[in-house]
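Structural overview for review
Below, each chain spelled out in residue letters.
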Amino acid sequence: MRAECVYDDFDRKEELQFESQAVHGALGCEPITGAVSFPIFQSATFRHKSFDVSTGYLYSRLQNPTRQELERTMAILEGGAEGFAFSSGQAANMALFGMLKQGDRVVLSDDIYGGTFRICEDIFSNLGCEFVYVDMSQIEKLEAAITPNTRMIFVETPTNPMMKVADIRQISRLAKAHDCLLVVDNTFLTPYFQKPLSLGADIVVHSGTKYLSGHNDVIAGIVVVKDPKLAEHFNMQLKSRGNGLAPFDSWLTLRGLKTLAVRMKKHDENAQVVAQWLRQHPKVKKVYYVGFEDHSGYQVTLSQTTGFGGMISFEVDTVETARKLLSDVRMILFAESLGGTETLVTYPLTQTHESIPDDIRQALGINERFIRISVGIEAAQDIINDLAQALG
Ligand SMILES: *Cc1c(COP(=O)(O)O)cnc(C)c1O
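Residues numbered from 1 in each chain as written. Predicted model: local features only at pLDDT ≥ 70, side-chain atom pairs only at ≥ 80, totals over all residues. Heavy atoms only, no water.

A word on the sheet that holds strand E5 (residues 130-134)
- If you trace the seven strands from one edge of the open sheet to the other, you get E3-E9-E8-E7-E6-E4-E5, paired in mixed fashion. Since the sheet does not close on itself, it has two edges, and those belong to strand E3 (82-86) and E5, each with one partner. Each strand axis lies, on average, 20° off the axis of its neighbour in the sheet, ignoring direction.
- As paired elements, strand E7 (residues 181-185) and strand E8 (residues 203-207) share three bridges and run parallel to each other. The residue of E8 that forms the bridge with Val183 is Ile203. (Pairing = 2+ DSSP bridges. Helix = DSSP H or I, 4+ residues; strand = E, 2+ residues; numbered from the N terminus. Axes fitted to C-alpha atoms, helices over the stretch in contact; angles between N-to-C directions.)

Things to note about the domain arrangement of the protein
- Each domain of the protein was delimited in the assignment, giving domain 1 (18-257) and domain 2 (261-391).
- Of note, the centres of domain 1 and domain 2, computed from C-alpha atoms alone, are 25 Å apart.
- Contact residues are listed per partner, giving 37 residues for domain 1 and 43 residues for domain 2.
- Summed over both sides, the interface between domain 1 and domain 2 buries roughly 3,200 Å², with carbon and sulfur atoms accounting for 61% of that surface.
- On inspection of domain 1 and its partner domain 2, the count reaches zero salt bridges.
- At the boundary of domain 1 and domain 2, one finds 15 residue pairs in polar contact (both at pLDDT 80 or more).
- If you list the elements that add at least two residues to the side of domain 1 that touches domain 2, you get helix H4 (114-124), helix H6 (168-177), helix H7 (190-193) and helix H9 (247-258).
- Taken together, the residues that form the side of domain 1 that touches domain 2 break down as 18 nonpolar, eleven polar and eight charged. (Domains from an automatic or database assignment. Contact = heavy atoms within 4.5 Å. Buried area = accessible area lost by both parts, 1.4 Å probe. Salt bridge = Lys/Arg side-chain N within 4 Å of Asp/Glu carboxyl O. Polar contact = N/O pair within 3.5 Å; in protein donor to acceptor, adjacent residues only side chain to side chain. Nonpolar A, V, L, I, M, F, W, Y, C, P; charged D, E, K, R; others polar.)

Some points on the site of the ligand
- Around the ligand there are 13 residues in total, and Gly89, Gln90, Ser207, Thr209 and Lys210 lie nearest to it.
- The backbone of Gly89 places a nitrogen or oxygen atom 2.9 Å from an oxygen atom of the ligand.
- Side-chain polar atom of Asp185 to a nitrogen atom of the ligand: 2.9 Å apart, as the coordinates give it.
- With the chains in place, 93% of the 380 Å² that the ligand exposes on its own is no longer accessible.
- Structurally, the ligand is housed in the largest pocket.
- Broken down by class, the residue content of the shell around the ligand amounts to three nonpolar, seven polar and three charged. (Near = heavy atom within 4 Å. Areas by Shrake-Rupley, 256 points an atom, 1.4 Å probe, with all protein chains shown as cover. 1 Å grid on protein atoms, 1.4 Å probe; cavity = no way out; pocket = protein on both sides within 12 Å on 5 of 7 lines; lining within 4 Å. Sits in = over half its atoms within 2 Å of the grid points.)

So, the packing of helix H10 (residues 260-279) against helix H14 (residues 380-391)
- Between H10 and H14, the least distance of the axes is 9 Å, while the angle of their chain directions is 30°. Taken together, H10 and H14 sit at an angle that is classed as roughly parallel. Read as a crossing pair, H10 and H14 show a hand that is right-handed. Contact with H10, carried on its side by Asn270, Val273, Val274, Trp277 and Leu278, involves Ala380, Ile383, Ile384, Leu387, Ala388 and Leu391 of H14 and no other residues of that element. (Parallel < 35°, antiparallel > 145°, perpendicular 65-115°, else oblique. Left-handed = near helix turned anticlockwise from the far one by under 90°.)

A word on the nonpolar core
- In this structure, Leu142, Ile153 and Ile312 are the most contacted members of the largest nonpolar core, which totals 83 residues.
- The greatest single-element share of this core, amounting to eight residues, is contributed by H10.
- One finds Ala95, Phe97, Leu181 and Ile356 within the second-largest nonpolar core, a separate group that totals 32 residues. (Core = buried A, V, L, I, M, F, W, Y, C linked by side-chain atoms within 4.5 Å. Buried < 20%, exposed > 50% of the residue type's maximum accessible area, 1.4 Å probe, protein only.)

Examining the sheet that holds strand E11 (residues 311-316)
- Strand order in the open sheet formed by five strands is E10-E11-E14-E13-E12, and the pairing between neighbours is mixed. At either margin of the open sheet sits one strand with a lone partner, and together these are strand E10 (284-288) and strand E12 (333-334).
- As judged from the three bridges shared by strand E13 (residues 344-346) and strand E14 (residues 370-374), these two strands associate in the antiparallel manner. Across the sheet, the residue bridging to Val345 is Ile373, located in E14.

As for the environment of Gly221
- Assignment of secondary structure puts Gly221 in strand E9 (residues 221-225).
- A C-alpha to C-alpha distance of 5.7 Å links Gly221 and Ala85, two positions 136 residues apart in sequence.
- Those residues in contact with Gly221, other than ones at most four positions away along the chain, are Phe84, Ala85, Phe86, Ser87, Ser88, Gly89, Ala92, His206 and Gly208.

Below, the structure written as structure tokens:
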């Protein structure tokens, strides 16, 4: 069937800067009606013009114009060939690991998001794949973990929640030398601050639930590939697993992307102030924040990012202080997740990293005194005042 598709005439807007690309997307304006807000195509199926001519859209599990606008916009923002939008970050990772065959090995960051760990250990390990976890900030540990059957290196940087930094350029050289794919989970910094594909990664994954959509109102996942050859796999996943992002959720994420740059700037500014304030508080024993000059990954951060982001973890003096803080915050919300306009505090031990075995968590430093804060875009002084009263 021949496709006559008016929507294929989109522009990558390479002459524009990031802020403008985020606002204007791929098509941006809907070309037929001129609608400035790209419409929500809430249709399961699409009518064919005649026996042998379609519009290029067949059925929304395969392709949907709203989802496609989001996918193309993300490909532009990450500097990749193609993007794919999934029903969650977890669904994006499931699609990614769907590339693995029995006997394949993956080397991952040792304090990855708990849900990613669960996909590896509870699903793909049972299918005969092998997963090893290393401290990616120490390149020799990664090199020692690579075996001839290693198919993929999966890096989170900064890591969740210990804020360890991995050198993407250095790891990409290692990945190429060993013929494996380098995947970077770019959820924490977003392409506004860090562009892994330009640093040598092959695939970027995101929980779009976090900064990309940015308002704690949608669950979404994104994959962007550098090489168009990798696109076939993800198209097949969307078609066969049926895990594509719904039109309304695609629209919400697109809407969030328009303000990504201004939000990230404010998250970053606020986090710098909050991190400094936490550091001088007598009940705070240790602060994990990539923007500190004495952070072990500071030089690498400066070399590969244009900002530090809005995430901070810290350890308080006692379990009681930790529990009091989580119970007594007023404006700040005690809730799972990150990357939204609202400041959230999270208790990784029982929330995001509940699936990680306790011996591993303790070795990493995720203990009962450990708290993660996603600094929102409120007034920094209000965030500090609330932390001050809740810490007591
Ligand atoms: C939240 C998160 C995920 C999972 O994404 P969902 O959208 O919740 O499915 C994966 N990686 C990181 C770093 C995350 O923060």
